[in-house]
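Examination of the molecular architecture
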Amino acid sequence: MPGGGLSYTSSLSAEPFELGDFCIDEYGPIKVIVIGAGFSGITAGVRFPQKIPNVDLTIYEKSAGVGGTWFNNNYPGLACDIPAHCYQLTFAEKKDWSAFYAPGPEIREYLQSVVDKYQLMRYVKLQHEVVHAQYDDADGKWHVRVRRPNPNTGLSEEIEDSAQVLLTAFGGLSRWKWPDIDGLHDFKGELHHSAGFDPQDKTWQEVVAGWAGKRVGVIGVGSSALQLVPALQPRVGKVVNYVRGKTWLAVPFASNAFSALLGRDAATAEDYQFTEAERERFKNDPEFYRNFRFALETEINSLHSSTLRGSPLQMQAQSAFRENMEKKLANKPGILEKLLPDFPVACRRLTPGPGYLEALCEVNVDFISAPIKRVTETGVDTEDGEHQDLDILFCATGYDTTFQLPFQIVGRHGVELNTRWRPHPVSYLSVAVDGFPNMFMSLGPNAGVGSGSLLALIEYQVMYAVQATAKLQRERLKSIEVKPEALRDFDRYLEAYFPKTVYSEKCRSWYKMGQEDGRVAGLWPGSTLHALKALSYPRWEDYNYELADPVQNRAYWLGDGQTYSEKTLTGDRAWYLREPFLDVPPSQCFMYSWHTEFIRYADALTR
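This section reports on the structure supplied with the text. (Residues numbered from 1 in each chain as written. Predicted model: local features only at pLDDT ≥ 70, side-chain atom pairs only at ≥ 80, totals over all residues. Heavy atoms only, no water.)

Attention now goes to the overall build of the chain. On a plain count of helices and strands, the chain comes out with 17 helices and 19 strands. Taking 2.2 N^0.38 as the reference for a compact globule, 607 residues should give roughly 25 Å; the C-alpha atoms of the chain span a radius of gyration of 26 Å, in line with that estimate. Seen through its principal axes, the chain has C-alpha atoms that stretch 90 × 60 × 50 Å. Put simply, the chain has 607 residues, and 51% of those count as buried. For the chain, the proportion of contacts with a sequence separation of at least 24, taken over those separated by at least 6, is 70%. As displayed, the chain has an accessible area near 28800 Å², and 51% of this comes from carbon and sulfur atoms. (Helix = DSSP H or I, 4+ residues; strand = E, 2+ residues; numbered from the N terminus. Rg over C-alpha atoms; globule rule 2.2 N^0.38 Å. Buried < 20%, exposed > 50% of the residue type's maximum accessible area, 1.4 Å probe, protein only. Contact = heavy atoms within 4.5 Å. Areas by Shrake-Rupley, 256 points an atom, 1.4 Å probe, with all protein chains shown as cover.)

Shown next, in the form of structure tokens:
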């Protein structure tokens, strides 16, 4: 029964029982719908067909191309602020990144290359926007409505689809919004949101080439603004950066490892473009490439303690970042006191912002910390009584991070997910919600990371959904639904975890749904490696189940006592002697411990 575990007849009763007329591995068809074709959706496109036999997979993507945020964002200076070699899928290496911080177009090309390599377009439906999804108790399926252009007329229409499993893969930073500023849309010049900037089939460089001599305003000091300002500064007449809050500018992540591994000298240590010789070495020296990637991943996964209040690494980070900011703002020291925070490092999302501080010191850049009073037809009025005339205005003001979705997802008993997620979202291990059977999430609530590899976490979240789907199919289940008490226990865990971290300090952050104080809804309660361990082996005892067959016997899925290859005398009937099933222990067995694991990793790093 829903919410009550399995209902079944005791084996001690006299009720007759007949074996199923199927083999244990004679898997029935199973349909999976994925919403979104960014990193999560693309990973799902690879893993579901790889791991689930007889799967019918559809990936609905509302945009005209794959890539998610990397398809939709095209603003000047767009780049990843994580080292490129740490921003790729574990199973899809790229050895020819042009820069340590990869430009946005390269990331789009990388994602498209993964789609092409695994022929994922057979599953992806572009310009198909899911507008409603509802679980039906009777048939144990999710029924979705999808808006698309009619293939013949181009006019908008809605179609319906259904599946046993629904995976949401659209992430928390996918719905941008305009800031609430008086008169914003009265501006007569060019008005852009960084996430909505459309270069109209041109590169951003080609567009900005036409802005020579123009006066450009940039509102914000988040990740996008930190890239916009240095990209625009040498190409336009004037840049005016409106900064309401304060932020730490990090020493570029893993920059010491970057310089040391590449043998850079002091003069080239902060040149984050890879040379042709370095790219060739990545391509032609597999061991060097693996060691480089491993060293970077190890370094970014060594920063977790800096997120704990008062930790030595947190204090070191504050000292190092303050010194770096003082040095780079030496020519305009007045900016430092307006920009340097009084909250800890990483309270809000940390970014290195290569070139931003240097750009602020240029003569054609104004840094304005006075609050904006209104936007006029010709520019911006600030509350100190000043006015700046502008030709172009960028709002780099972020996304809707409230986890209030733009469409309805309706679970059991007509409960809407948006309603369930007020005043804040809840989840079990960031991947499931009780009352929403057979639905799993990638990059749902509390799924982001403050340090470490986000893409590794995405892969493990997707694989969690794959494992649940395999269980549904293998054990002939109608539904799998997390227990309410399991979700409550996880909720109590994260409520106890975050107060000891810097994320709960007073600062405005999307981690806290855009608020200065309150619940941390954007981050996993622990390190990235902690999350990977937690998601690797699902606790199936934290779920309730319904059987798909009318037979009330939990062993019915065992079938007729044989495998399909035995029944048909086809296929591999000695599979247990082959990889990946064959597990040969080392010649000298030893007891596993965290210490031996560390020694092995350290040894691999130094070889």
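Resuming the write-up.
All right, on to the pattern of salt bridges then. Counted by the stated rule, this structure contains 32 salt bridges. For Arg 279, the salt bridge identified is with Glu 276, shortest N-O distance 2.6 Å. Of this pair, Arg 279 and Glu 276 both sit in helix H7 (residues 276-284), separated by three residues, roughly a single helical turn. In this structure Glu 276 comes out as partly exposed when scored by relative accessible area, which is 47%. (Salt bridge = Lys/Arg side-chain N within 4 Å of Asp/Glu carboxyl O.)

A word on the environment of Ala 486. Among the structural elements, Ala 486 can be located in helix H14 (residues 484-497). With relative accessibility at 9%, the residue Ala 486 sits in the buried group. Considering only alpha carbons, one finds Ala 486 and Thr 203, 283 residues apart in sequence, at a separation of 49 Å. In this structure, Ala 486 is in contact with Tyr 428 and Asp 542, ignoring residues within four places of it in sequence.

A few words now on the packing of helix H6 (residues 255-262) against helix H8 (residues 286-300). A pair of packed helices is captured by two measures, namely the crossing angle of their axes and the spacing between those axes. Where H6 contacts H8, the axes come no closer than 9 Å and their chain directions differ by 160°. It follows that H6 is roughly antiparallel to H8 by the angle criterion. Viewed along their axes, H6 and H8 form a crossing whose handedness is right-handed. Of H8, the residues touching H6 (which contributes Ala 257, Phe 258, Leu 261 and Leu 262) are Phe 288, Phe 292, Ala 295, Leu 296 and Glu 299. (Axes fitted to C-alpha atoms, helices over the stretch in contact; angles between N-to-C directions. Parallel < 35°, antiparallel > 145°, perpendicular 65-115°, else oblique. Left-handed = near helix turned anticlockwise from the far one by under 90°.)

Quick look at the state of the cysteines now. Scanning the entire structure with this criterion turns up one disulfide. Note on cysteine connectivity: Cys 347 is disulfide-linked to Cys 507, with sulfurs 2.0 Å apart. Measuring handedness by torsion sign, the sulfur bridge of Cys 347 and Cys 507 sits at about -105° and is left-handed. Note that Cys 347 is positioned in the loop between helix H10 (333-339) and helix H11 (356-360) and Cys 507 in the loop between H14 and helix H15 (528-536), a separation of 160 residues in sequence. Residue Cys 347 is classed as buried on the basis of its relative accessible area of 0%. When its relative accessible area of 3% is taken as the criterion, Cys 507 is described as buried. The cysteine Cys 86 is free of any disulfide, with Cys 80 supplying the nearest cysteine sulfur at 9.2 Å. The exposure class of Cys 86 is buried, given its relative accessible area of 2%. (Disulfide = S-S within 2.5 Å.)

Overall, the coordinates contain four cavities of 30 Å³ or more when judged by the stated rule. In this structure, the largest cavity is lined by 15 residues; those nearest its centre are Thr 168, Phe 170, Trp 421, Leu 443 and Gly 444. For the lining of the largest cavity, a count of residues per class yields nine nonpolar, five polar and one charged. Volume-wise, the second largest cavity comes out at about 80 Å³. Lining the second largest cavity are 13 residues, and of these Gly 450, Tyr 503, Trp 524, Gly 526 and Ser 527 lie nearest its centre. Class assignment for the residues of the lining of the second largest cavity results in five nonpolar, eight polar and no charged. (1 Å grid on protein atoms, 1.4 Å probe; cavity = no way out; pocket = protein on both sides within 12 Å on 5 of 7 lines; lining within 4 Å. Points joined across faces, edges and corners; volume = space filled by probe spheres on them. Nonpolar A, V, L, I, M, F, W, Y, C, P; charged D, E, K, R; others polar.)

A word on the sheet that holds strand S2 (residues 55-60). The five strands lie next to each other as S3-S2-S1-S7-S17, forming an open sheet whose pairing is parallel. The two strands at the open ends of the sheet, each matched to only one other strand, are strand S3 (124-125) and strand S17 (439-441). For strand S1 (residues 30-35) and strand S7 (residues 165-168), the ladder comprises four bridges, and the chain directions are parallel. Paired with Val 32 across the strands is Val 165, a residue of S7. Sheet strands in contact with helix H1 (residues 39-51) are S1, S2 and S7, and its direction is about 175° off that of S2. (Pairing = 2+ DSSP bridges.)

Here we take up the nonpolar core. In terms of nonpolar packing, the biggest core is built from 156 residues, with Phe 39, Leu 232, Leu 339, Tyr 356, Leu 360 and Phe 440 touching the most fellow members. Residue contributions to this core peak at 11 residues, all from helix H13 (residues 454-474). Each residue touching Phe 39, except ones within four places of it in the same chain, is listed here: Trp 70, Tyr 87, Leu 89, Ile 107, Tyr 110, Leu 111, Leu 455 and Ile 458. By size, the runner-up hydrophobic cluster in this structure holds 13 residues, among which are Leu 184, Ile 219, Ile 368 and Ala 370. (Core = buried A, V, L, I, M, F, W, Y, C linked by side-chain atoms within 4.5 Å.)

Keep in mind that these numbers describe shape and distance, not what the molecule does.
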